[in-house]
Amino acid sequence: MNSAVIPAPDAGKAAVERRLYFRRTVVNRLALVLGCAAALFGLVFLFWILWTTLSYGLKGVNLDLFTKMTPAPMSAGGLLNAFFGSAVICLIAIVIGSLLGVAAGTWLAEYAGNKRIGTVTRFINDILISAPSIVIGLFVAIVIVMQFKQYSALAGAIALALLVIPVVVRTTDEMLRLVPGQMREAALSLGVPQWKVTMQVLYRAALPGIVTGILLALARITGETAPLLFTAFGNQYWSTDLLKPMASVPVVMYQFVGSPYESWQTLAWAGALVLTVFVLLLSLLARAILLRNKTSHD
Amino acid sequence: MAASSPAAALPAAVIDASRRAERDARADKLFRGLLAAAGIFVLVTLIGIALSMLWGGREALAQFGIGFFFSAEWDPVNQKFGALIPIYGTLVSALIAMLIAVPVSFGIALFLTEIAPNWLRGPVASAIELLAGIPSIIYGMWGLFVFVPLVGEHVAPWLNDHLGSWPLIGPLFTGPPLGIGMLTAGFVLAIMVIPFISSVMREVFLTVPTRLKESAYALGSTKWEVVWDIVLPYTRTAVVGGVFLGFGRALGETMAVAYLVGNSVKFTPSLLEPSTTIAALIANDFNESTGLHRSSLLLLGFVLFVVTFIVLAAARLMLLRLSRKEGNA
Amino acid sequence: MLTSIKTRFVAVGLATVLGAASAQAADITGAGATFIYPILSKWSDSYNNATGNKINYQSIGSGGGITQIKAGTVSFGSSDKPLTPQELDEAGLAQFPSVIGGVVPVVNVEGVEAGKLKFTGPLLADIYQGKIKKWNDPAIAQVNPGVTLADANITVVHRSDGSGTTFNFTNYLSKVSPEWKSKAGEGTTVSWPVGVGGKGNEGVAAYVKQIKGSIGYVELAYALQNKMTYTALQNSAGQFVLPSLASFQAAAASADWKNAKDFHLVITNAPGENSWPITATNFILVYKQPKDSAAAKSVLDFFKWAYENGAKQAEELDYVPLPKSLVEQIEAYWQAEVKL
């Protein structure tokens, strides 16, 4: 590369230089083309998967899907109990997970951030974000299901809450640390106790970011299957008892998609479509909130 | 205010204020205690997860000792369990995923930071990140319905014919063309981890100081040379961190793999034949296992957790190094 | 109709006696064999319509059914592999049959229609041991004169989970092939010499439908509903028979339930000209001294209802309903063994 930019005195050198330059251009072009191809690769699979979900799923989307219970084989039905179960389990998970997550995130950002224990917790939390969800499911199965000898919606919600916590901790921590120190100092100097500063000043400033984190966490747990298999289990009926097994959309999909019955497979794909649309809308919403917040700050 | 009030009231006001200060201090202490408890909870959870699994696996560990990790036997009938095959399957499928995902993610990051016109970057980046939002089970269903038949009918026979007879790598591509197996699982895993790796790469590429890149351009470098000789060396540790992050994800992925890997606990050199991974084996067997079988599964869960912990910790440390460098600069 | 009204009265009466906790209709969870999932969810559906009681049955495999009832996480378990009286005693469980069905080999071979291919027991064992690898193997051709098969690889599909279907299948193979018995043996899961694992009857059916040149084994209902190519099988009398309600019934008729303690009886390789060789009974497991006796009673009520009202539905799905004498024996067994 260096030799290429040294001025060449004679024609032979010029030819070498041209050839070198040619080679560099070709390598560059090739790299750029491959870069485009890589992006295209990602996009192709995104649209392929979405298309498959849409084309298989639309066949099963009708009023029955949202008004009827999961059917016996070869009968008609819907996924009402599964939708309800998923909503209940995810809602409880989000409430538990957000409360604990925001609290722990606040502790990291406001109190323990620079101490050793804070650094360690932040590090561990970052790892928990990517920890395999099936391991979390096993943990809850051992600690709760096997102790109380009962599969339950609550155990499922706790497993999902453990997946929510690290996501919320991280966004809360990050967002609070973005709040300018002057705001804290101004409020504290007025004699406002720190808990009030946190609740009324800092959270207000960091709210859009924290909400984004919670929405992203919700998007993540909505489609989680593995942790629910050993905890919430399944239920072919409508159930509102949190201490009993409860149906959920991903578990029903897992069961139905492998079944020999066409009506079940159609339902599984319809569930997949609803799930995907919901999850993608949530992530778009989260992104939009973050974006709007960013532009309003600028 | 104090000046206008009667002298007798002054001590009362002071007492009042100090009471309030006291109350505030108490509330602050309580608040702080609650937050700290939540923070400690995160720490304890991690340790709890590891310990509960080790505790659950103690029976298997006592029975098989260290040999558990080196035995290729998984025989529920005769109650003999070894971890070698699921560990091998987990590593190999994740490695296949990395072989595909790393170059593609690099290409995407390159596209998003250097090639694409500005108006295209946002939408494409968002689209790629949407891939990360699709639930794992839907990858599995798509894989089973669409991708498996494709591999079984076209890709696997081709690999059989063209690579199957090669020395060394030949055995990797032999066997009946089922369409399921580690190659399929690894490929779908690759699609699943691409958004994670590419978004880390894109982010760290953007941290490279503009003056460095512009100096290189000023010397006549091509875009590729800037990326390869300036951007990549500058961000190397973080890029490797991103790759490790993806690797950690691939190791623990469950539902998609359970549909695609074939769920057979037998050693096979071929990537086209059914195999299993730790996560898929647990998902399949846990609800029906008892005694030693369950204990072995929990021990496997412990192994998975420790391995992903190490990989993810390494990833974090490498990513931290870049941000520290940035902070110092 | 009359009976359903009667049961409703009983249920309502029961609920009043037990007070507020059971004021709603009973809500029971059972889990186990995928073998009976189709019929059990049908029964459960009709039972719910008739009485309002909800019997939630999750098909997680017989291995899972045994595990979960032992762990006490479900009100009843179900298994196609009977537990021995000793095992039952140790766990404090009672066991009784629910319905009889059959395991059938299914194949995915181009140009072969359902029922046209024949297998002998040892042939099946050899295929599942990986000794016969091609569809045009002379051993297959020998029992199938007139059928020409392509030079294609055989892909063996088996269950990946603990399964009573597997138990009955491997129990049969062990009875007809000493080599199979010594090498792989019988059980809810065995150490398979070759093949791909599918989860549940569903999983095996899905794989066989998807993989060309494959062979698997499923419960007959799964084969019929999937329009799969099932095969004929040679029985212990040397006859080739097709899987059907009649051939299952013939095998079931030979069973001597009267002398089977805790109904511990496996009816594979049954004698008789018309018997289907892999006929299987499904068993229900409940606690002899249940902690929640209301739940246990609901379970027994459900099966009592199913024996009385579910025969037609069972036959529609190609299961053999239990004969009257056996039902009487079961009800006496409940009286004697299960403390409500």
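Computed from a predicted structure; not experimentally measured. As a convention, each chain's residues are numbered from 1 in the sequence order in which they are written. Here every chain gets a letter starting at A, and every ligand a number starting at 1, in the order they are written. Under the rules for a predicted model, residues below a pLDDT of 70 receive no local features and side-chain atom pairs below 80 are neither given nor counted, while totals for whole chains, interfaces and linings still include all residues. With hydrogens and water stripped out, all remaining heavy atoms of the structure feed into the side-chain values.

Caption draft 1: Just the interface of chain A and chain B, in detail. Contacts between residues were defined by any pair of non-hydrogen atoms, one from each residue, lying within 4.5 Å. Counting residues at the interface gives 82 residues for chain A and 79 residues for chain B. Take the accessible area each of two parts loses on contact, using a 1.4 Å probe, and add the two losses: that sum is the buried area. Carbon and sulfur atoms make up 80% of the surface buried where chain A meets chain B, a total of about 7,300 Å² over both sides. A pair is scored as a salt bridge if a Lys or Arg side-chain nitrogen falls within 4 Å of a carboxyl oxygen belonging to Asp or Glu. Summed over the shared surface of chain A and chain B, the number is three salt bridges. The shortest N-O distance in the salt bridge between A:Asp126 and B:Arg316 comes to 3.9 Å. Here a polar contact is recorded for every N or O atom pair within 3.5 Å, except that within protein the pair must consist of a potential hydrogen donor and a potential acceptor, and residues adjacent in sequence are included only if both atoms are side-chain atoms. Where chain A meets chain B, there are ten residue pairs in polar contact (both at pLDDT 80 or more). Segments assigned H or I by DSSP are reported as helices when at least four residues long, segments assigned E as strands when at least two residues long, and all are numbered from the N terminus. It is helix 2 (residues 11-58) of chain A that contributes the most residues to the side of chain A that touches chain B, 20 residues altogether. Considering only residue class, the side of chain A that touches chain B consists of 60 nonpolar, 16 polar and six charged. Three categories are distinguished: nonpolar for Ala, Val, Leu, Ile, Met, Phe, Trp, Tyr, Cys and Pro, charged for Asp, Glu, Lys and Arg, and polar for the others, with Gly belonging to the last.

Caption draft 2: Structural detail: empty space enclosed by the protein. Here a cavity means grid points, on a 1 Å grid over the protein atoms only, where a 1.4 Å probe fits yet cannot get out; a pocket means an open set of points with protein on both sides within 12 Å along at least five of seven lines; lining residues are those with an atom within 4 Å of a point. Grid points are joined across faces, edges and corners, and a volume is the space filled by probe spheres set on the points. Counted under the stated rule, the structure contains four cavities of 30 Å³ or more. Estimates place the volume of the largest cavity at around 530 Å³. For the largest cavity, the lining is made up of 31 residues, of which A:Tyr254, A:Gln255, B:Asn284, C:Lys199 and C:Glu202 are closest to its centre. Among the elements that make up the lining of the largest cavity, the one with the highest residue count is helix 9 (residues 200-210) of chain C (six residues). Here the residues of the lining of the largest cavity sort into twelve nonpolar, 16 polar and three charged. Looking at the second largest cavity, its volume works out to about 50 Å³.

Caption draft 3: Here's a closer look at the interface of chain C and chain A. Listed per partner, the contact involves 28 residues of chain C and 24 residues of chain A. Surface buried jointly by chain C and chain A totals about 2,300 Å² across both partners, of which 50% is contributed by carbon and sulfur atoms. One can count zero salt bridges joining chain C with chain A. At the boundary of chain C and chain A, one finds ten residue pairs in polar contact (both at pLDDT 80 or more). Those elements that provide at least two residues to the side of chain C that touches chain A are strand 1 (27-32), helix 2 (37-51), strand 2 (54-59), helix 3 (62-71), helix 9 and helix 10 (220-225) of chain C. Take the side of chain C that touches chain A: its biggest share by element is seven residues, from helix 2 of chain C. When the residues that make up the side of chain C that touches chain A are grouped by side-chain class, the tally is ten nonpolar, twelve polar and six charged.

Caption draft 4: Quick peek at the side chain of C:Ser59. Tracing the sequence through the fold places C:Ser59 in strand 2. Looking at C:Ser59, the relative accessible area reads 8%, which means it is buried. Working definition: with a 1.4 Å probe on protein chains only, accessible area under 20% of the residue-type maximum means buried, over 50% means exposed, and in between means partly exposed.

Caption draft 5: Examining helix 5 (residues 136-162) of chain B more closely. Compared with the 39 Å implied by 1.5 Å per residue over 27 residues, the 32 Å span of helix 5 of chain B between its first and last C-alpha is markedly short. Helix geometry: helix 5 of chain B is bent most strongly at B:Gly143, by close to 45°. Multiply 1.5 Å by the residue count of a helix minus one, and that product is the helix's expected span. Here the bend at a residue is taken as the angle between two axes, fitted respectively to the seven residues that end there and the seven that start there.

Caption draft 6: Inspection of the packing of aromatic side chains at higher detail. Pairing of aromatic rings covers Phe, Tyr and Trp, the last through its six-membered ring, and needs centres within 6.5 Å; plane angles under 30 degrees mean stacked, over 60 mean edge-to-face, and all others mean tilted. Scanning the entire structure with this criterion turns up 47 aromatic pairs over all chains. Ring geometry for C:Trp257 and C:Phe263: centres 6.3 Å apart, planes at 55°, overall tilted. Each member of the pair, C:Trp257 together with C:Phe263, is buried. Note on C:Phe302 and C:Phe303: the rings are 5.0 Å apart at their centroids and 65° apart in plane angle, and the pair reads as edge-to-face. With a relative accessible area of 0%, C:Phe302 lands in the buried category. Taking relative accessible area as the criterion, C:Phe303 reaches 0% and is therefore assigned buried. Members of the aromatic cluster, each reached through a chain of ring pairs, are A:Phe256, A:Trp264, C:Tyr37, C:Tyr47, C:Tyr57, C:Phe76, C:Phe96, C:Phe302, C:Phe303, C:Trp305, C:Tyr307 and C:Trp334. Placement of a charge over a ring requires the Lys NZ or Arg CZ to be within 6 Å of the ring centre, with the centre-to-atom vector within 35 degrees of the ring normal. Residue placement shows B:Arg58 over the ring face of B:Trp55; its charged tip is 3.7 Å from the ring centre. Geometry around C:Phe240 places C:Lys118 over its ring, the cationic atom sitting 5.2 Å from the centre.

These figures capture arrangement, not role.
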